[in-house]
Amino acid sequence: MDEMLFERILLPLADPDDAERTARAIRPYLDDETTLIIIHVTQGEAAGTTISMGRDQFAEEIYETFIAVLGRQDLRIEWVTLEGRDVSEAITDAIGTLEATLVAFTPRDLDTWSRTLAGDPGSRLVRDAEIPVMVFPSRTE
């Protein structure tokens, strides 16, 4: 597989539980040349996506959980907060700006009602992203 694929991995994290699942799932696949772009999407009012670099104080618990579970100090990490009306749209809007080479996530548990109302953001991301998207199974270890 192309080594450039894992150069800049965009990891959307929804909450601390998601941060833990994602860190456990992706940890075995990372090497010291990888840059992780950790993003959290907040609800926005504007039609477009707003991108803020740096750690967002409202997502601090998410970031801390991810780092603690990941247990790696050798990786480059960029912290980004996106603000947009739609989670998957905000992520796809930011891919080019953030120069991501891959989007990776673990599936979130959504009940049928939530999927009906909002659609499945993961499925939309897989369909709409202009770069490869990897869905990692959750690890409980």
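Residues numbered from 1 in each chain as written. Predicted model: local features only at pLDDT ≥ 70, side-chain atom pairs only at ≥ 80, totals over all residues. Heavy atoms only, no water.

Asker: Quick question: what am I supposed to make of the overall build of the protein here?
Answerer: A count of helices and strands for the protein gives 5 helices and 6 strands. What you see in the protein, going N to C, is helices and strands ordered as β-α-β-β-α-β-α-β-α-α-β. Counting every position in the protein, which comprises 141 residues, the buried fraction comes to 41%. Accessible surface, the protein: about 7900 Å² in total, of which carbon and sulfur atoms supply 49%. (Helix = DSSP H or I, 4+ residues; strand = E, 2+ residues; numbered from the N terminus. Buried < 20%, exposed > 50% of the residue type's maximum accessible area, 1.4 Å probe, protein only. Areas by Shrake-Rupley, 256 points an atom, 1.4 Å probe, with all protein chains shown as cover.)

Asker: I would appreciate a short explanation of the side chain of Ser88 in the present structure.
Answerer: Counting through the fold element by element, Ser88 comes out in helix 3 (residues 87–98). Looking at Ser88, the relative accessible area reads 3%, which means it is buried. A distance of 2.9 Å separates polar atoms of two side chains, one belonging to Ser88 and the other to Asp86. (Polar contact = N/O pair within 3.5 Å; in protein donor to acceptor, adjacent residues only side chain to side chain.)

Asker: I would appreciate a short explanation of the pairing of strand 1 (residues 8–12) in the present structure.
Answerer: Side-chain direction in a regular strand flips from residue to residue, so the side chains alternate between the two faces of the sheet. Of all 5 residues making up strand 1, 5 are buried, and the element is well covered by its neighbours. Side chains Arg8, Leu10 and Pro12 of strand 1 all project onto a buried face; the interleaved residues Ile9 and Leu11 project onto the opposite face, where all are buried too. Across 5 bridges, the pairing between strand 1 and strand 2 (residues 35–43) is parallel. Residue pairing in the sheet places Leu10 in a bridge with Ile37 of strand 2. Tracing the backbone out of strand 1, into helix 1 (residues 16–26) and back to the parallel element strand 2 gives a crossover that is right-handed. As defined by bridge partners, strand 1 adjoins strand 5 (residues 102–105) across 2 bridges and the pair is classed as parallel. Counted as the bridge partner of Ile9 is Leu102 from strand 5. (Pairing = 2+ DSSP bridges. Right-handed = clockwise from strand over helix to strand, strands pointing away.)

Asker: What is the right way to read the sheet that holds strand 6 (residues 133–135) from this model?
Answerer: The pairing of strands in a sheet happens through backbone hydrogen bonds and is either parallel or antiparallel. Taken together, 6 strands build an open sheet; the order of strands is 3-4-2-1-5-6 and the sheet is mixed. The sheet terminates laterally at strand 3 (50–53) and strand 6, the two strands that pair on one side only. Taken over all neighbouring pairs, the strand axes of this sheet differ in orientation by 25 degrees on average, direction set aside. For strand 2 and strand 4 (residues 76–84), the ladder comprises 9 bridges, and the chain directions are parallel. Paired with Thr35 across the bridge in strand 4 is Arg76. Relative to strand 2, helix 3 is tilted by about 140 degrees, and along the sheet it contacts strand 1, strand 2, strand 3, strand 4 and strand 5. (Axes fitted to C-alpha atoms, helices over the stretch in contact; angles between N-to-C directions. Contact = heavy atoms within 4.5 Å.)

Asker: Mind showing me how you'd approach the packing of aromatic side chains here?
Answerer: Two aromatic rings are characterised by how far apart their centres lie and by the angle between their planes. Applying the stated criterion to the full structure yields 2 aromatic pairs. Judged by centre distance (5.2 Å) and plane angle (40 degrees), the rings of Tyr29 and Phe136 are tilted. Here Tyr29, found in the loop between helix 1 and strand 2, pairs with Phe136, found in the segment after strand 6; they are 107 residues apart in sequence, far enough to count as distant. For the pair Tyr63 and Trp79, a centre-to-centre distance of 4.7 Å together with 55 degrees between the ring planes defines the contact as tilted. Taken together, the positions of Tyr63 in helix 2 (residues 60–70) and Trp79 in strand 4 put the pair 16 residues apart, joining distant regions of the chain. You'll find Tyr63 and Trp79 in the same group, each marked buried. (Phe/Tyr/Trp six-rings, centres within 6.5 Å; stacked < 30°, edge-to-face > 60°.)

Asker: Looking at this structure, I do not really get the nonpolar core. What am I missing?
Answerer: Note on soluble globular proteins: their nonpolar side chains tend to be buried together. In terms of nonpolar packing, the biggest core is built from 23 residues, with Ile9, Leu11, Leu36, Ile38 and Phe66 touching the most fellow members. Elements that contribute at least two residues to this core include exactly strand 1, helix 1, strand 2, helix 2 and strand 5. Among the elements that make up this core, the one with the highest residue count is helix 2 (5 residues). In contact with Leu11, other than residues within four places in its own chain, are Thr22, Ile26, Leu36, Ile37, Ile38, Ile39, Phe66 and Ala104. (Core = buried A, V, L, I, M, F, W, Y, C linked by side-chain atoms within 4.5 Å.)

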